[in-house]
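# What the coordinates show
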Amino acid sequence: MAKPEQCGNCTKPATIHLTQIINNKIHKVDLCEDCPFKKGVTDPEGFSLADFLVQSPASLISDKSLKCEACGFSPADFKKTGRFGCPQCYDTFHEILEPMLSNMHKDVVHRGKVPERALARMSRKRRLDQLERDLEESIKSENYEDSARLRDLIAEARTALETT
Amino acid sequence: MLITPLIEAKAELTDGGLAPEPIVLSTRIRLARNLSGEAFPGWGDSSQRVDILERCLDKLSRLPAFKDGTFLQISDLTELEKQVLVERHLVSRELIESEDATGVFIAPSQQLAVMINEEDHLRLQCMRSGFNFRKAWEEADATDSEMEDQLDYAFSDEYGYLTACPTNVGTGLRASAMLHLPGLVMCQHMEKVVRMVNQLGLAVRGSLGEGSEATGSIFQISNQQTLGESEDQIIKRLITILHAIIEQETNARGVLLENQSTMLMDKIGRAYGILRNGHLLSSQEAVNLLSLMRLAVDLGIFPEEKRAHIDRLSMEIQPGHVQCSANADIEPELRDQIRATRIREQFASFPTLDFSRIQISPNLNQED
Ligand SMILES: [Zn+2]
Ligand SMILES: [Zn+2]
């Protein structure tokens, strides 16, 4: 029998041998009984995004001026973490993202479930916000007819939002 | 301990509410979801995370699915409790590694759980014993729709559900099955199967067990792609490939029975002997031996109704569970002793093996 391998995390003999094949690359990890729990190596999704990033234009990744307006995330942060800062990053880093997504997934367009109710609620909320801005504007410009009409619309929009 | 009620409660996954099956141990659906306009947990600061946790908790507790459920904040748990939750697949390792406003909401059935502030704001998972994607997806889908009713999800028409990592974007769906494949491991066909499965866009997790014993022969197979296909298509594709693997495993077992039945019976007989009489068992060894006993059930050598007992034991002999039952943080050597005692006690009440179903192969010595 071969000599017992050493744990990849400490010096104890390894008793657990994990193998993972991702994109035809074999990753092997030998660990003792106590370590895998702490190390989190058994996460099947924890593979590096670096492979995918290679396909994105280098100039975009190193573009220092590119930053997500909503959360301040930069391409360098993405390179480091393999994750985004906020939902808006998907817009901000659109160009870096496309080639990556087409390598990772079946297609780059979502064809699955849609959160219908949440989307409807959000669009009603947006409409209400817009109406409130319009009202403010009409009050400022002393346009009383418009203000009255907008107040009715706002009341309607509020009810619509509350009943969904 | 905070999690004692969870451990003691009867649950399908731990008590075989449904009759456990050969080959497919369990099925799981996971959905990654995030709240609109909020930094993802890995990027948000502490106050943002606390705010997300409170909001999600408030909304989730109103859902019928989580009525009488248990919420556990990770920072309230001991290391041992965290380990037990991981061993039960109720939380991920990533979740317990961060104590900053992270938690899990577990439904009373323990088949449904939502992690809050893991990699994504919300990670809903639905687990079933056996090969049961339809039920698991139905429940996950329904709960997701209830959650969506209360919370505004980050969603784009183009990319679908927006997730912290682009590997999950789109459906946010990870469907997976735990498979018991001792036949393929013993025939040394597993590496080939893993490559085939991988080329079809699925991920395999588990040991290939080159050192013949070090494995338990348990593999998790899941989809890797989440964007560009509907949930149904993803699940259907996975099911098709799983059926192919099940067929391969069945064939491998047939080949072993035909050509190497003595070796097979010897392995199972020895496993039974050690489980029944051993006094020191590491978790790895115990998992391997119990894996052979599960195979014995599948082959008709051991009674069918013992499959659920074996599955339950396989969970309870993990390091966290052993320490938890002993009510102490104990050294591995003592753990091995407690583990062996526990298994011995169980096996004392089990029937003996019945090898009469297997015929000894005539060409036994041809290979050497
Ligand atoms: Zn170690
Ligand atoms: Zn951002």
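Residues numbered from 1 in each chain as written. Chains lettered and ligands numbered in written order. Predicted model: local features only at pLDDT ≥ 70, side-chain atom pairs only at ≥ 80, totals over all residues. Heavy atoms only, no water.

In the annotation of an unreviewed UniProt entry, chain B is listed under the name Protein arginine kinase and assigned to Oceanipulchritudo coccoides. Quoted straight from UniProt, the Sequence similarities (unreviewed entry) entry for chain B says "Belongs to the ATP:guanido phosphotransferase family." (UniProt positions renumbered as here; feature names shortened; annotations may be inferred.)

Per an unreviewed UniProt entry, chain A goes by Excinuclease ABC subunit B and derives from Oceanipulchritudo coccoides.

## Things to note about the overall build of chain B
Helix and strand counts for chain B stand at 14 helices and 10 strands. The principal-axis extent of the C-alpha atoms belonging to chain B is close to 70 × 45 × 30 Å. Relative to its 368 residues, chain B shows a buried fraction of 58%. Within chain B, contacts between residues separated by at least 24 positions form 72% of all contacts whose residues are at least 6 apart in sequence. (Helix = DSSP H or I, 4+ residues; strand = E, 2+ residues; numbered from the N terminus. Buried < 20%, exposed > 50% of the residue type's maximum accessible area, 1.4 Å probe, protein only. Contact = heavy atoms within 4.5 Å.)

## Examining the nonpolar core
With 81 residues, the main nonpolar core has Ile29, Leu122, Phe302 and Phe347 of chain B as its most contacted residues. The greatest single-element share of this core, amounting to nine residues, is contributed by helix α9 (residues 231–259) of chain B. A domain-level breakdown of this core finds at least three residues from each of domain 1 (1–22 + 30–170) and domain 2 (249–349) of chain B. Aside from chain neighbours lying at most four places away, what touches Leu122 of chain B is Leu31, Ala32, Arg33, Leu35, Cys56, Leu60, Val114, Met115, Ile116, Met147, Leu151 and Tyr153 of chain B. Among the nonpolar cores identified, the runner-up in size contains 23 residues, and Cys68, Phe73 and Phe78 of chain A together with Ala164 of chain B belong to it. (Core = buried A, V, L, I, M, F, W, Y, C linked by side-chain atoms within 4.5 Å. Domains from an automatic or database assignment.)

## Here we look at the coordination of the zinc ion (ligand 2)
Residues and elements named next belong to chain A. Ligation of the zinc ion (ligand 2) by protein atoms is provided by Cys68 (SG), Cys71 (SG), Cys86 (SG) and Cys89 (SG), these donors lying 2.3 to 2.4 Å from the ion. Considering all four donor atoms around the zinc ion (ligand 2), the spread of angles at the metal, 100 to 122°, places the coordination shape in the tetrahedral class. Each donor residue of the zinc ion (ligand 2) belongs to the same chain, and together they define the spacing C-x2-C-x14-C-x2-C. Linking Cys68 in the loop between α3 (58–61) and α4 (75–81) with Cys89 in helix α5 (residues 89–92), this pair joins segments that are 21 residues apart in sequence. On the basis of relative accessibility, which here comes to 3%, the residue Cys68 falls in the buried class. With a relative accessible area of 0%, Cys89 lands in the buried category. (Donors = N, O, S within 2.8 Å, 3.2 Å for Na, K, Ca; no water. Tetrahedral: all angles 85-135°; square planar, octahedral: opposite > 155°, others 65-115°.)

## So, the domain arrangement of chain A
The extent of an interface is frequently quoted as the accessible surface area lost upon association of the parts. Per the domain assignment, the segments of chain A are domain 1 (1–55), domain 2 (65–111) and domain 3 (116–163). Taking only C-alpha atoms, the centre of domain 2 of chain A and the centre of domain 3 of chain A are 34 Å apart.

## Focus: the pattern of salt bridges
Residue and element names in this part refer to chain B. Enumeration over the complete set of coordinates arrives at 34 salt bridges over all chains. The salt bridge involving Glu119 is made with Arg123; its shortest N-O contact spans 3.5 Å. Note on Glu119: relative accessible area 9%, which makes it buried. Classification of Arg123 as buried rests on a relative accessible area of 4%. (Salt bridge = Lys/Arg side-chain N within 4 Å of Asp/Glu carboxyl O.)

## A few points about the side chain of Ser176 of chain B
All names here are of chain B. The topology assignment puts Ser176 in strand β8 (residues 173–180). Take Ser176: its relative accessible area is 5%, and that puts it in the buried class. Each residue touching Ser176, except ones within four places of it in the same chain, is listed here: Ser26, Thr27, Arg28, Phe133, Gln220, Ile221, Ser222 and Leu238.

## Remarks on the packing of aromatic side chains
Both the distance between ring centres and the angle between the ring planes are used here to describe each pair of aromatic rings. The tally for this structure, following the rule as stated, stands at 16 aromatic pairs over all chains. Between Phe84 of chain A and Tyr90 of chain A, the ring centres sit 4.9 Å apart and the planes meet at 80°, which makes this aromatic pair edge-to-face. With respect to class, Phe84 of chain A is no different from Tyr90 of chain A; both count as buried. Geometrically, the ring pair formed by Phe302 of chain B and Phe347 of chain B is stacked, given 6.4 Å between the ring centres and 10° between the ring planes. Residue Phe302 of chain B is located in the loop between α11 (283–298) and α12 (306–316), and its partner Phe347 of chain B is located in helix α14 (residues 332–348); the two are separated by 45 residues in the primary sequence. Accessibility expressed as a relative area gives 2% for Phe302 of chain B, which makes it buried. Judged by relative accessible area, Phe347 of chain B falls into the buried class, the value being 0%. (Phe/Tyr/Trp six-rings, centres within 6.5 Å; stacked < 30°, edge-to-face > 60°.)

## Side note on the confidence of the model for chain A
Residues at a pLDDT of 70 or more form 65% of chain A, whose mean pLDDT is 76. Element-level mean pLDDT values for chain A span from 45 in helix α1 (residues 36–39) of chain A up to 94 in α5 of chain A. (pLDDT = per-residue confidence, 0-100.)

## Looking at the environment of Arg124 of chain A
Structurally, the position occupied by Arg124 of chain A is in helix α7 (residues 116–140). Through-space distance from the C-alpha of Arg124 of chain A to that of Asp134 of chain A is 15 Å; in sequence the pair is 10 residues apart.

## Description of the domain arrangement of chain B
Residue and element names in this part refer to chain B. By the assigned domains, chain B splits into domain 1 (1–22 + 30–170) and domain 2 (249–349). Summarising the inter-unit geometry, the C-alpha centres of domain 1 and domain 2 are found 31 Å apart. Contacts between domain 1 and domain 2 engage 13 residues on the former and 14 residues on the latter. Summed over both sides, the interface between domain 1 and domain 2 buries roughly 1200 Å², with carbon and sulfur atoms accounting for 58% of that surface. Taken together, domain 1 and domain 2 are joined by zero salt bridges. Remark: the boundary between domain 1 and domain 2 carries four residue pairs in polar contact (both at pLDDT 80 or more). Among the elements that line the side of domain 1 that touches domain 2, the one with the most residues is helix α4 (residues 79–87), at four residues. Considering only residue class, the side of domain 1 that touches domain 2 consists of six nonpolar, three polar and four charged. (Buried area = accessible area lost by both parts, 1.4 Å probe. Polar contact = N/O pair within 3.5 Å; in protein donor to acceptor, adjacent residues only side chain to side chain. Nonpolar A, V, L, I, M, F, W, Y, C, P; charged D, E, K, R; others polar.)

## As for the packing of α4 of chain B against helix α13 (residues 319–326) of chain B
All names here are of chain B. Contact geometry of α4 with α13 gives a least axis separation of 8 Å together with a crossing angle of 130°. When the interaxial angle is binned, α4 and α13 end up oblique. The handedness of the crossing between α4 and α13 comes out as left-handed. Between α4 and α13, the residues in contact are Leu80, Gln83, Val84 and Glu87 and Pro319, Gly320, His321, Gln323 and Cys324, respectively. (Axes fitted to C-alpha atoms, helices over the stretch in contact; angles between N-to-C directions. Parallel < 35°, antiparallel > 145°, perpendicular 65-115°, else oblique. Left-handed = near helix turned anticlockwise from the far one by under 90°.)

## Digging into the side chain of Arg30 of chain B
Residues and elements named next belong to chain B. In this structure, Arg30 sits in strand β1 (residues 24–33). Judged by its relative accessible area of 6%, Arg30 is buried. A distance of 3.2 Å separates a polar atom in the side chain of Arg30 from a polar atom in the side chain of Asn168.

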